[in-house]
Amino acid sequence: MSYILSLDQGTTSSRAILFDQRGQIAAIAQNEFRQIYPRPGWVEHDAAEIWDHVRATVTEVAGRLGDAGHTVAAVGCTNQRETAVAWDRRTGRPLHRAIVWQDRRTAARCEELEEQGVLDLVRRTTGLVLDPYFTATKFEWLLGPGGVKAAAGAGDLALGTVDSWVLWNLTGGADGGLLATDPTNASRTLLFDTGALAWSERLCELFGVPVGALAEVRPSCGLLAPVHPEALPALGGVPVCGMAGDQQSALFGQACFEPGLAKVTYGTGSFVLMNVGHSRPDPCEGLLTSVAWDLGDHGPADDAIAYALEGSAFSSGAAIQWLRDGLGLIESAAEVGPLAASVPDSGGITVVPAFTGLGSPWWDPRARGTITGITRGTGRAQLARAVVEAMAYQVRDIVDAMVAGTGQPCQELRADGGAAGMDLLLQLQADQLQTAVVRPRSTESTALGAAPLAGLARG
């Protein structure tokens, strides 16, 4: 039997998941990696460590498959978006720790650019806003005085998001690896013209990013390159055929193929995407426009491209991690649901989990977390409940903005991600939205989206 391997490179872990032809999970391996906080508001990853974890997880599941005599027909990749990686194509070494999408170090630069009057250009070209969430100002920071540009020889500098870094290593790295991305990831950089589906030379000039250092933009579905035997001996020669940013991949995995269908992924942050069809919409107040997918030659000629409205809340699962790692109130994330459900309400506690600013529809990078209503009777259960409620409230903010912007009611919200297994959260969400919240049999929608993108390309 042939399987499809999804590489799900998230914000906190690397995962490899094998899917059979019915979309059922046959094997899974996962490794968490370090979160590095050099200063308040700064978040970094070790890109070399990420690649090591990718290799370890793939080797683990491929070994199980080989023992059973089965094969891998294709590889699909999905990834945390917006995170900036810079490396030397000649040596294969990262030139700086990756700057994660949660990082706020370029907030002042974004404010400066807005004061210079470039927001309208950015909105019209990219569908995004000026926020340190996105990649362009991270690249600009890396290329600044004493930065990585001087560390790589002429023509050797590579700038990419995590998908490009993983793909380049997967297909050979310094030994001829493919430097490529797809429109779903490119559309989150502030450098991509989502109408022309190409890098914007004007925006690259604005942010001081050399176009030649960026990845080639390929369709989300289609043959990219084979896995290099020395990169991953267990998968040598298997074609990489699908690639999409994690939230667009989840939209595809949740089968939101028709305009108006929406999904929420409760991950490190909460991300709501609504399919808005094959024509790029005008900018919508408080929301973002992204490319949902590009099926290339494997989609109908008139609708191979789809667009999505998107809203992002930066801290959801991250707030649960804070309860665990920062406060020590729980030992594992799985405890938060039962703990929060053990009390009928939060006892007047309200949590605003703006640990790294507020996302949609507020876009306030300088906001910080707040807890109000604490009394002597406040306990760990009330605080846990307030965090779960905050997750639901943030998603309601986003959905309300989508309804206002499109004039269309939200008929159904499809939920996935780790916290989607929490009954209390989904009930709170349904109550807040006054609409059905639907949980699929498998909440691995992000990885599941990358599998059919790869499978379509393999027939």
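Scroll up to find the structure.
In what follows, the accompanying structure is described. (Residues numbered from 1 in each chain as written. Predicted model: local features only at pLDDT ≥ 70, side-chain atom pairs only at ≥ 80, totals over all residues. Heavy atoms only, no water.)

**Things to note about the overall build of the protein chain**
Phase 1: Broken down by element type, the protein chain carries 13 helices and 22 strands.
Phase 2: Its C-alpha atoms give the protein chain a radius of gyration of 21 Å, within 12% of the compact-globule value 23 Å for 459 residues.
Phase 3: Viewed in the frame of its principal axes, the protein chain has a C-alpha envelope of about 60 × 60 × 45 Å.
Phase 4: By the burial criterion, 60% of the 459 residues in the protein chain qualify as buried.
Phase 5: A sequence separation of at least 24 residues applies to 71% of the contacts in the protein chain between residues at least 6 apart.
Phase 6: For the protein chain, the computed accessible surface area is about 17600 Å², with 49% contributed by carbon and sulfur atoms. (Helix = DSSP H or I, 4+ residues; strand = E, 2+ residues; numbered from the N terminus. Rg over C-alpha atoms; globule rule 2.2 N^0.38 Å. Buried < 20%, exposed > 50% of the residue type's maximum accessible area, 1.4 Å probe, protein only. Contact = heavy atoms within 4.5 Å. Areas by Shrake-Rupley, 256 points an atom, 1.4 Å probe, with all protein chains shown as cover.)

**Some thoughts on the side chain of Thr12**
Phase 1: Topologically, Thr12 is positioned in the loop between β1 (2–9) and β2 (13–19).
Phase 2: Owing to a relative accessible area of 18%, Thr12 belongs among the buried residues under this scheme.
Phase 3: With residues up to four places along the chain from it excluded, the contact list for Thr12 reads Asn31, Glu32, Phe33, Gln35, Thr268 and Gln321.

**Quick notes on the sheet that holds strand β17 (residues 288–294)**
Phase 1: Reading across the sheet, the six strands line up as β17-β18-β16-β15-β21-β22 and stay open at both edges, with mixed pairing between neighbours. Edge positions in the open sheet fall to β17 and β22 (436–438), since each of these has one partner strand only. Looking at each pair of strands side by side, their axes are set apart by 30° on average, direction ignored.
Phase 2: As judged from the seven bridges shared by strand β16 (residues 270–277) and strand β18 (residues 305–313), these two strands associate in the antiparallel manner. Across the sheet, residue Met274 finds its bridge partner in β18, namely Leu309. (Pairing = 2+ DSSP bridges. Axes fitted to C-alpha atoms, helices over the stretch in contact; angles between N-to-C directions.)

**Observations concerning the packing of helix α8 (residues 246–253) against helix α13 (residues 445–457)**
In a pair of packed helices, the angle between the axes and the distance between the axes together describe the arrangement.
Phase 1: Axis separation between α8 and α13 bottoms out at 7 Å; the angle between their running directions is 75°. By the angle class used here, α8 and α13 are roughly perpendicular. Contact residues: Asp246, Ser249, Ala250, Phe252 and Gly253 in α8; Ser445, Thr446, Leu448, Gly449, Ala450, Pro452, Leu453 and Leu456 in α13.
Phase 2: Considering only residue class, the contact of α8 with α13 consists of seven nonpolar, five polar and one charged. (Parallel < 35°, antiparallel > 145°, perpendicular 65-115°, else oblique. Nonpolar A, V, L, I, M, F, W, Y, C, P; charged D, E, K, R; others polar.)

**Considering the layout of surface pockets**
Phase 1: Each pocket or cavity is described by its volume, and for the largest pocket that value is around 940 Å³.
Phase 2: In terms of lining, the largest pocket is formed by 40 residues, of which the most central are Thr12, Tyr266, Gly267, Thr268 and Gly418.
Phase 3: Among the secondary structure elements, those contributing two or more residues to the lining of the largest pocket are β2, β3 (25–32), α8, β15 (262–266), α9 (317–326), α10 (336–341) and α13.
Phase 4: Ranked by residues supplied to the lining of the largest pocket, first place goes to α9 with five residues.
Phase 5: Broken down by class, the residue content of the lining of the largest pocket amounts to twelve nonpolar, 19 polar and nine charged.
Phase 6: Quantified by volume, the second largest pocket comes out at close to 500 Å³. (1 Å grid on protein atoms, 1.4 Å probe; cavity = no way out; pocket = protein on both sides within 12 Å on 5 of 7 lines; lining within 4 Å. Points joined across faces, edges and corners; volume = space filled by probe spheres on them.)

**A few points about the nonpolar core**
Phase 1: If you look at the biggest cluster of nonpolar residues, it comprises 59 residues, and the most contacted ones within it are Leu159, Leu191 and Phe207.
Phase 2: No other element matches α13, which puts five residues into this core.
Phase 3: Look past the residues within four positions of Leu191 in its chain and what remains in contact with it is Thr126, Ala136, Phe139, Trp199, Ser200, Leu203, Cys204, Phe207, Val209 and Leu214. (Core = buried A, V, L, I, M, F, W, Y, C linked by side-chain atoms within 4.5 Å.)

**Section: the packing of helix α11 (residues 380–406) against helix α12 (residues 423–433)**
Phase 1: Closest axis-to-axis distance for the α11/α12 pair is 9 Å, and the angle between their directions is 40°. With respect to α12, the element α11 is oriented oblique. Judged by the sense of rotation from one axis to the other, the crossing of α11 with α12 is right-handed. For the pair α11 and α12, contact is made by Arg385, Val388, Glu389, Met391, Ala392, Tyr393, Val395, Arg396 and Val399 and by Leu424, Leu425, Leu428, Gln429, Gln432 and Leu433, respectively.
Phase 2: In terms of residue class, the contact of α11 with α12 is made up of ten nonpolar, two polar and three charged. (Left-handed = near helix turned anticlockwise from the far one by under 90°.)

**Details of the packing of aromatic side chains**
The relation between two aromatic rings is expressed through the spacing of the ring centres and the mutual angle of the planes.
Phase 1: All told, the structure shown has 17 aromatic pairs when counted by the stated rule.
Phase 2: When the centroid spacing of 4.7 Å and the interplanar angle of 35° are considered together, the rings of Tyr133 and Phe134 count as tilted.
Phase 3: Note on Phe134: relative accessible area 0%, which makes it buried.
Phase 4: An aromatic cluster is present here, built from Trp101, Tyr133, Phe134, Phe271, Phe314 and Trp363 joined pairwise through their rings. (Phe/Tyr/Trp six-rings, centres within 6.5 Å; stacked < 30°, edge-to-face > 60°.)

**Some thoughts on the sheet that holds strand β13 (residues 221–226)**
The pairing of strands in a sheet happens through backbone hydrogen bonds and is either parallel or antiparallel.
Phase 1: Spatial strand order, β3-β2-β1-β5-β14-β13: six strands in an open sheet with mixed pairing. At either margin of the open sheet sits one strand with a lone partner, and together these are β3 and β13. The average undirected angle you get between the axes of adjacent strands in this sheet is 25°.
Phase 2: Pairing of β13 with strand β14 (residues 239–245) involves three bridges; the strand directions are antiparallel. Across the sheet, residue Pro226 finds its bridge partner in β14, namely Pro239.

**Quick notes on the pattern of salt bridges**
Phase 1: In total, this model carries 27 salt bridges according to the counting rule given.
Phase 2: Here Arg97 and Glu44 are joined by a salt bridge, their closest N and O atoms 2.6 Å apart. Remark: Glu44 occurs in strand β4 (residues 44–45) and Arg97 occurs in the loop between β6 (85–88) and β7 (98–99); sequence separation between them is 53 residues.
Phase 3: For Arg109, the salt bridge identified is with Glu140, shortest N-O distance 2.9 Å. Here Glu140 lies in helix α4 (residues 136–142) and Arg109 lies in helix α2 (residues 107–115), a separation of 31 residues in the sequence.
Phase 4: By sharing partners, the salt bridges in this structure join Arg81, Glu82, Arg188, Asp246 and Glu310 into a single network. (Salt bridge = Lys/Arg side-chain N within 4 Å of Asp/Glu carboxyl O.)

**Notes on the environment of Ala231**
Phase 1: Checked against the element boundaries, Ala231 lands in the loop between β13 and β14.
Phase 2: With a relative accessible area of 8%, Ala231 lands in the buried category.
Phase 3: The sequence separation of Ala231 and Thr171 amounts to 60 residues, and the corresponding C-alpha distance is 7.0 Å.
Phase 4: The residues touching Ala231, leaving out its near neighbours within four places in the chain, are Trp51, Arg55, Asn169 and Leu170.

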